[in-house]
Amino acid sequence: MKYIDEFRDGTLARGLARSISAEADPARTYRLMEFCGGHTHAIFRYGVQDLMPANVRFVHGPGCPVCVLPMARIDQAIAMAVEHGVTLCTYGDLMRVPASERKSLLKAKAEGADIRMIYSTQDALAIARKAPERQVVLFAIGFETTTPPTAVALKTARAEGLENFSVYCNHVLTPAALGTILNAANETSGDKAGVQLDGILGPSHVSTVIGSRSYECVPAEFGKPVVIAGFEPLDVMQSVLMLIRQINNGQAQVENQYTRAVTRDGNRKAQALMAEVFRPHETFEWRGLGFLPGSALRIAEAYAEFDAEQRFPVAPGSSREIKGCECPSVLRGVMEPTDCKLFGTVCTPENPMGACMVSSEGACAAYWSYGRFR
Ligand code: SF4
């Protein structure tokens, strides 16, 4: 299949692996963070780590929207459904993420709350059209990739006069998280401790929207190279080689490996939509990273009547993790999933203790799915 098979070619992969081995300086270690959970899964699914020399290490980042959503936001969504009796529409992965008091959206649904799994924002709109007597809330999550469809849903609701539709907005912004992780590299202890990194494999789908320009602050402020990488195994390997070459040459700049989809400016139409419908949150909590200024979006005043948090207020929750769950450290790249004592024992995809084991983009789920055990 065009654009798939050619980026999974074994002969080319072995050639790239030879180049990486030849060019990686044996006297040093290369710690490369793949920001996206999609990259983490590609790395393990295709055995990319096994093709790397021992001194080229992948550090897994927080690029999984389900994983970074703090427990308090799920608690609030459950409270909206239970206390206000709304129909809450959300994506499948989120249903099983543990919330407070051993609850989850799935358990709340089993106890009678009207919580429905959807595949797209259009499904939520369709539910609202079909049931005008119900208040339908879209539990919107995701990075910049999924934000424009939420903006379209809000504009559609306004154009159609859908008074029973609103959005519980949890869209987060990639550059703020990346900056936090690079800042944390100097913290060596406590729950803000970070990890030293030599380079970043930049998000691919997010970058189709925001463009490679959005990462130019990383070399400028932190002196680290960024390569925007596609999601296929050869994309990842070529991006690793590009990072190694920059590091060896003492360079730090943004390069774009994923030129078949990403431009420097990104998708200006999508950006304009986002700017019309959303505003930056002053601060927003991320699992593992804490409260980060300007790291998420809220609904703009002009669309306030579609803001579920204004329509259906609930008490703010407080976030914590299930005892023993190391998701915050996994999301900061400080720990690997197998460092968690619960991995594969108490915590499995059938019985997840943390978001990183639930989500199809979570690092713990990747280790489990592709047989990475100590
Ligand atoms: Fe949390 Fe489970 Fe991952 Fe441990 S293995 S960090 S409990 S999700």
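A quick note: this is a predicted structure, and the numbers were derived from the prediction, not measured. (Residues numbered from 1 in each chain as written. Predicted model: local features only at pLDDT ≥ 70, side-chain atom pairs only at ≥ 80, totals over all residues. Heavy atoms only, no water.)

Novice: How would you explain the state of the cysteines if you had to name every residue and give the values?
Specialist: Scanning the model with the defined rule gives 1 disulfide in all. A sulfur-sulfur separation of 2.5 Å characterises the disulfide bridge that pairs Cys 64 with Cys 67. Measuring handedness by torsion sign, the sulfur bridge of Cys 64 and Cys 67 sits at about 70° and is right-handed. The class for Cys 64 is buried, based on a relative accessible area of 3%. Taking relative accessible area as the criterion, Cys 67 reaches 1% and is therefore assigned buried. The structure places no disulfide on Cys 327, whose sulfur is separated from the nearest cysteine sulfur, that of Cys 356, by 3.3 Å. (Disulfide = S-S within 2.5 Å. Buried < 20%, exposed > 50% of the residue type's maximum accessible area, 1.4 Å probe, protein only.)

Novice: I'd like to hear about the nonpolar core, residue by residue, with values.
Specialist: In this structure, Leu 105, Phe 139, Phe 165, Phe 278 and Trp 286 are the most contacted members of the largest nonpolar core, which totals 99 residues. Apart from the residues within four sequence positions on either side, Leu 105 is in contact with Ile 74, Ala 77, Ile 78, Leu 88, Thr 90, Leu 94, Met 95, Ile 115 and Phe 139. (Core = buried A, V, L, I, M, F, W, Y, C linked by side-chain atoms within 4.5 Å. Contact = heavy atoms within 4.5 Å.)

Novice: Please set out the pairing of strand E6 (residues 165-171) residue by residue, giving values where relevant.
Specialist: When you tally the buried positions in E6, you get 7 out of 7 residues, the bulk of the element. Here E6 shows two buried faces, one formed by Phe 165, Val 167, Cys 169 and His 171 and the other by Ser 166, Tyr 168 and Asn 170. Where strand E5 (residues 136-142) meets E6, 7 bridges bridge the pair, whose relative direction is parallel. What sits directly across from Leu 138, in E6, is Val 167. (Helix = DSSP H or I, 4+ residues; strand = E, 2+ residues; numbered from the N terminus. Pairing = 2+ DSSP bridges.)

Novice: Kindly report on the environment of Ile 74, identifying the contributing residues and their values.
Specialist: In this structure, Ile 74 sits in helix H4 (residues 71-83). C-alpha of Ile 74 to C-alpha of Phe 139: the two residues are 65 residues apart in sequence and 9.3 Å apart in space. With sequence-adjacent residues up to four places away left out, Ile 74 is seen in contact with Leu 69, Val 97, Pro 98, Ala 99, Leu 105, Phe 139 and Arg 287.

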